[in-house]
Amino acid sequence: MKNLKTVMMFAISLVMIVTLAACGAGKNEETGSGSAKEYIVATDASYAPFESLTEKNEFIGFDIELVKAVAEKGGINIKIVNTPWEGMFATLNNGDRDLLVSAITITDERKKEYDFSDPYFEARQSMAVPNNTSIKNFAELKGKKVGVQTGTTGDEVVSKLMGADSKDIRRFETTPLALKELENGGVDAVVADNGVVKYYVKNNPDKGFKTIDEPLFAAEYYGFVMKKGNTELMGKINDGLKKIKEDGTYDAIYNKYFGE
Ligand code: ARG
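None of the values given here were measured: they were computed from a predicted structure.

J.: How would you explain the overall build of the protein if you had to name every residue and give the values?
T.: On a plain count of helices and strands, the protein comes out with nine helices and 16 strands. Buried residues in the protein amount to 44% of all 260 residues. In the protein, once contacts between residues fewer than 6 apart in sequence are set aside, the share between residues at least 24 apart is 72%. Here the protein displays about 13900 Å² of accessible surface, and carbon together with sulfur accounts for 54% of that area.

Here it is as structure tokens:
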């Protein structure tokens, strides 16, 4: 009888400890298993369907599933941490983050300062506009107010078209904020990656937006970003990426998010 009581007390304490530990694990963070080195992954989780947060504050999206699969096959532990887009690259150099996974386009400019993994996704810029717009193509954005996420490739193409210090370019911290401004009528168009624009337009039919694809935009390729010279991590990431492409995991994740 006394034994039973002890066992029960022990079990109850155990449950409490586990619950407390789970609660204390913190929001906007996801930890892999194991006790080996843990690589900290930065993502700007405001870019569905690549990375976003569920109502329960869990990471979800193509990039999230991809990096988890890559880490598993590459044999590393990761912890994903929500990180603002602005300043994200700098977190590599100050050691706060080890890897950026955020639908990041591989560009020559960025390659000067950071290392990229092998490409894992092809994208293009695209425009979100109101259904009743007169705008028919990218060139017609000149003289109109255009929303972009600061420092993205969308910002780059619009800056090229209109001049980087044009007052007609409205820069936002996140792409959803730019889309909100389109809804409010503060901008005439938003330029961002096609996957994100299409997903938003499709899932928010009440907003009355449509997508305009511009055939003149060059193809962009997403890569994982690391600090220059981090060859150990780079090897594991590219190895994991190769393995999930070979074993069908990549295709399964791709079809889940982009299969028609
Ligand atoms: N592909 C674009 C770029 O690299 C936009 C990426 C934005 N990603 C994000 N999670 N906000 O500039």
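J.: Tell me about the UniProt feature "domain: Solute-binding protein family 3/N-terminal" (unreviewed entry) in the protein, residues and numbers included.
T.: Residues annotated in UniProt with the feature "domain: Solute-binding protein family 3/N-terminal" (unreviewed entry) correspond here to residues 38-260. The span residues 38-260 is 35% helical and 26% strand by assignment, and the distance between its end C-alpha atoms comes to 36 Å.

J.: Tell me about the pairing of strand β11 (residues 146-149), and please be specific about residues and values.
T.: The two faces of the sheet receive side chains in turn, since in a regular strand these alternate between them. Where burial is concerned, the two faces of β11 agree: the one with V146 and V148 and the one with G147 and Q149 are both buried. The sheet contact formed by β11 and strand β12 (residues 169-172) spans four bridges and is parallel. Within β12, the residue paired with V148 across the bridge is R171. For the crossover from β11 across helix α5 (residues 153-162) to β12, the handedness is right-handed.

J.: Any chance you could break down the sheet that holds strand β14 (residues 209-213) for me, citing the residues and the numbers?
T.: Pairing within the open sheet is mixed, and its five strands lie in the order β12-β11-β13-β10-β14. Two strands in the sheet have a free side with no partner beyond their single neighbour: β12 and β14. With strand direction ignored, the average angle separating the axes of adjacent strands in the sheet is 30°. Strands in contact with helix α6 (residues 175-183) are β10 (125-130), β11, β12, β13 (189-193) and β14; relative to β13, the strand with the most contacts, it is inclined by about 155°.

J.: Could you give an account of the sheet that holds strand β5 (residues 59-60), with specific residues and numbers?
T.: Pairing within the open sheet is antiparallel, and its three strands lie in the order β3-β4-β5. The sheet is open, and its two borders are formed by β3 (46-47) and β5, each paired with just one other strand. Sheet analysis places β3 next to strand β4 (residues 51-53), joined by two bridges and oriented antiparallel. Counterpart to Y47 in the pairing with β4 is E51.

J.: Account for the pattern of salt bridges, naming residues and giving values.
T.: Scanning all chains against the criterion turns up 15 salt bridges. Between D115 and K228 there is a salt bridge, and its shortest N-O distance comes to 3.0 Å. Of this pair, D115 sits in strand β8 (residues 114-116) while K228 sits in the loop between β16 (225-227) and α8 (231-246), and the two are 113 residues apart along the sequence. Residue K228 is classed as partly exposed on the basis of its relative accessible area of 42%. Residues K207 and D206 are paired through a salt bridge, measuring 3.8 Å at the closest nitrogen-oxygen approach. Since its relative accessible area comes to 24%, K207 is described here as partly exposed. In this structure D206 comes out as exposed when scored by relative accessible area, which is 63%. When salt bridges with common partners are traced through the structure, they connect K180, E183, D206 and K207 into a single cluster.

Calculation criteria
- Residues numbered from 1 in each chain as written.
- Predicted model: local features only at pLDDT ≥ 70, side-chain atom pairs only at ≥ 80, totals over all residues.
- Heavy atoms only, no water.
- Helix = DSSP H or I, 4+ residues; strand = E, 2+ residues; numbered from the N terminus.
- Buried < 20%, exposed > 50% of the residue type's maximum accessible area, 1.4 Å probe, protein only.
- Contact = heavy atoms within 4.5 Å.
- Areas by Shrake-Rupley, 256 points an atom, 1.4 Å probe, with all protein chains shown as cover.
- UniProt positions renumbered as here; feature names shortened; annotations may be inferred.
- Pairing = 2+ DSSP bridges.
- Right-handed = clockwise from strand over helix to strand, strands pointing away.
- Axes fitted to C-alpha atoms, helices over the stretch in contact; angles between N-to-C directions.
- Salt bridge = Lys/Arg side-chain N within 4 Å of Asp/Glu carboxyl O.

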